[in-house]
Amino acid sequence: MKIGFVSLGCAKNLVDSEYIIGLFDDPFFEYEADLKACDVIVINTCGFILSAKQEAIDTILEIAEYKNNNLKKLIVTGCLVERYYDDVIKEFPEVDLFVKISDYKLLPEKLSQLFNHKIIHDYGKNRKLVNNNYTAYLKISDGCDNRCAYCAIPLIRGNCKSYTIEDNVKEAKRLLELGVKELNVVAQDTTLYGKDLYGELKLPQLLRDLNELEGVQWIRVMYLYPNNFTDELIAAIRDCDKVCK
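Quick caveat, the model's predicted, so the values are computed rather than measured.

S.K.: I keep staring at the overall build of the protein and nothing clicks. Help me out?
M.R.: When its secondary structure is counted, the protein shows nine helices and 10 strands. Projected onto its principal axes, the C-alpha coordinates of the protein cover approximately 60 × 40 × 25 Å. Out of the 245 residues in the protein, the part that is buried amounts to 50%. Across the protein, contacts joining residues at least 24 apart in sequence account for 71% of those joining residues at least 6 apart. On the protein, roughly 12200 Å² of surface is accessible, and the fraction owed to carbon and sulfur atoms is 49%. Of the charged side chains in the protein, 31 are positive and 38 negative; the average position of the first set lies 2 Å away from that of the second.

S.K.: Whenever I open this one, the sheet that holds strand S5 (residues 97–99) confuses me. Can you help?
M.R.: Sheet strands pair by backbone hydrogen bonding; their relative direction is either parallel or antiparallel. Read from one edge to the other, the open sheet built from five strands follows the order S2-S1-S3-S4-S5, with strand pairing classed as parallel. A strand with exactly one partner marks an edge of an open sheet, and here the two such strands are strand S2 (30–31) and S5. With five bridges joining them, strand S1 (residues 2–7) and strand S3 (residues 40–45) adopt parallel strand pairing. Among the inter-strand pairings, Phe5 is bridged to a residue of S3, identified as Val42. Across the face of the sheet, helix H3 (residues 79–91) comes into contact with S3, strand S4 (73–78) and S5 while running at roughly 125° to S4.

S.K.: Where do I start with the pairing of S3 in this structure?
M.R.: On any regular strand, side chains alternate: one points to one face of the sheet, the next to the other face. Counting buried positions over the six residues of S3 gives six, a clear majority of the element. Of the two faces of S3, the one lined by Val40, Val42 and Asn44 and the one lined by Ile41, Ile43 and Thr45 are each fully buried. Here S3 runs beside S4; their pairing, made up of six bridges, is parallel. Paired with Val42 across the bridge in S4 is Ile75. Handedness of the β-α-β unit built from S3, helix H2 (residues 50–64) and S4 comes out right-handed.

S.K.: I keep staring at unusual backbone geometry and nothing clicks. Help me out?
M.R.: Of all residues except glycine, most have a negative phi; of all peptide bonds, most are trans. Backbone geometry places Asn116, a non-glycine residue, at a positive phi of 50°. As for its position among the elements, Asn116 is in the loop between helix H4 (107–115) and strand S6 (135–139). Note on Asn116: relative accessible area 73%, which makes it exposed.

S.K.: Whenever I open this one, the nonpolar core confuses me. Can you help?
M.R.: Within soluble globular proteins, side chains that are nonpolar generally end up buried alongside one another. Ile140 and Leu210 are the most contacted members of the largest nonpolar core, which has 26 residues in total. Elements represented by at least two residues in this core include exactly S6, helix H6 (165–177), strand S9 (182–186), helix H8 (203–211), strand S10 (218–221) and helix H9 (231–239). A total of five residues in this core trace back to one element, the largest contributor, which is H6. The residues touching Leu210, leaving out its near neighbours within four places in the chain, are Leu138, Asn168, Val169, Ala172, Leu183, Val185, Val216 and Ile219. Val40, Cys79, Leu97 and Val99 belong to the second largest nonpolar core, which has 22 residues in total.

S.K.: Just checking my understanding: could you explain H4 for this structure?
M.R.: Because each turn of an α-helix spans 3.6 residues, side chains separated by three or four positions end up pointing in the same direction. Among all positions of H4, only Leu107, Pro108, Leu111, Ser112 and Phe115 are buried. The buried residues of H4 all sit within an arc of 130° when viewed along its axis, so they share a single face. Lining the buried residues of H4 we find helix H1 (11–23), S3, S4 and S5. Where H4 terminates, the next one or two residues include Asn116, which has phi positive at roughly 50°.

S.K.: Hey, could you run me through the layout of surface pockets in this one?
M.R.: Rolled over the atoms, a probe with the dimensions of a water molecule shows which regions are left empty. Taken as a whole, the largest pocket holds about 680 Å³ of empty space. Taken together, the elements giving at least two residues each to the lining of the largest pocket come down to H1, S6, helix H5 (153–157) and H6. The element contributing the most residues to the lining of the largest pocket is H6, with five residues. Of the residues that constitute the lining of the largest pocket, the class distribution is eight nonpolar, three polar and 14 charged. Residue assignment for the lining of the second largest pocket shows that the elements contributing at least two residues are H1 and H5. When its residues are assigned to classes, the lining of the second largest pocket shows nine nonpolar, three polar and three charged.

Reading guide: rules and limits
- Residues numbered from 1 in each chain as written.
- Predicted model: local features only at pLDDT ≥ 70, side-chain atom pairs only at ≥ 80, totals over all residues.
- Heavy atoms only, no water.
- Helix = DSSP H or I, 4+ residues; strand = E, 2+ residues; numbered from the N terminus.
- Buried < 20%, exposed > 50% of the residue type's maximum accessible area, 1.4 Å probe, protein only.
- Contact = heavy atoms within 4.5 Å.
- Areas by Shrake-Rupley, 256 points an atom, 1.4 Å probe, with all protein chains shown as cover.
- Lys, Arg positive; Asp, Glu negative; His and termini not counted.
- Charge placed at Lys NZ, Arg CZ, Asp CG, Glu CD.
- Pairing = 2+ DSSP bridges.
- Axes fitted to C-alpha atoms, helices over the stretch in contact; angles between N-to-C directions.
- Right-handed = clockwise from strand over helix to strand, strands pointing away.
- Core = buried A, V, L, I, M, F, W, Y, C linked by side-chain atoms within 4.5 Å.
- Arc of directions from axis to C-beta.
- 1 Å grid on protein atoms, 1.4 Å probe; cavity = no way out; pocket = protein on both sides within 12 Å on 5 of 7 lines; lining within 4 Å.
- Points joined across faces, edges and corners; volume = space filled by probe spheres on them.
- Nonpolar A, V, L, I, M, F, W, Y, C, P; charged D, E, K, R; others polar.

Okay, structure coming up:
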């Protein structure tokens, strides 16, 4: 069964898409770049701002037209679904399965039922890089505690939920084993990392631990907010020779 993927939105959403792609790492499925030749297509949507929502809607409508040809199953996930679930299930009857972000852990079960075929991987355990094997995003947390007036991320993804330092280092090691040389550290607010888990800001410690990993050549840190840019963080960036200044 040929399967294709469309990932919309930010780098953090791309990481989710790569975990979703990893669920289909199975001889039953065959990855296909030509969407018009696919039996199954997964669209991971963005729902952040008006233009992103419109892009997601247009993409769903465009790909739904492929059901007139080869397409048998259309699956839609991501921020648009999380934010407007009740609306999208009514507006897009062409879609065979909608999955909210909060239900990603249930994806193997939902997909197994949809295809009548056992999905053997757990979400978050098997990641397939979509662009290349020398650079990848390392998402260190999800959600955000900031309440910026223009931003819907806390509404969609909730408060900041940091992954442990151990889990992030383990994920970085897995990426390095795949041949990755450059780690791009991302979160909605990377400077807030660790406050929810440890009671204090832990990005400096995480950077120091990542800097010690064998095989990493560059570490780029994105989405830094100035209000949590501490002297300790400045010192960590200064001292870590692999962190891009």
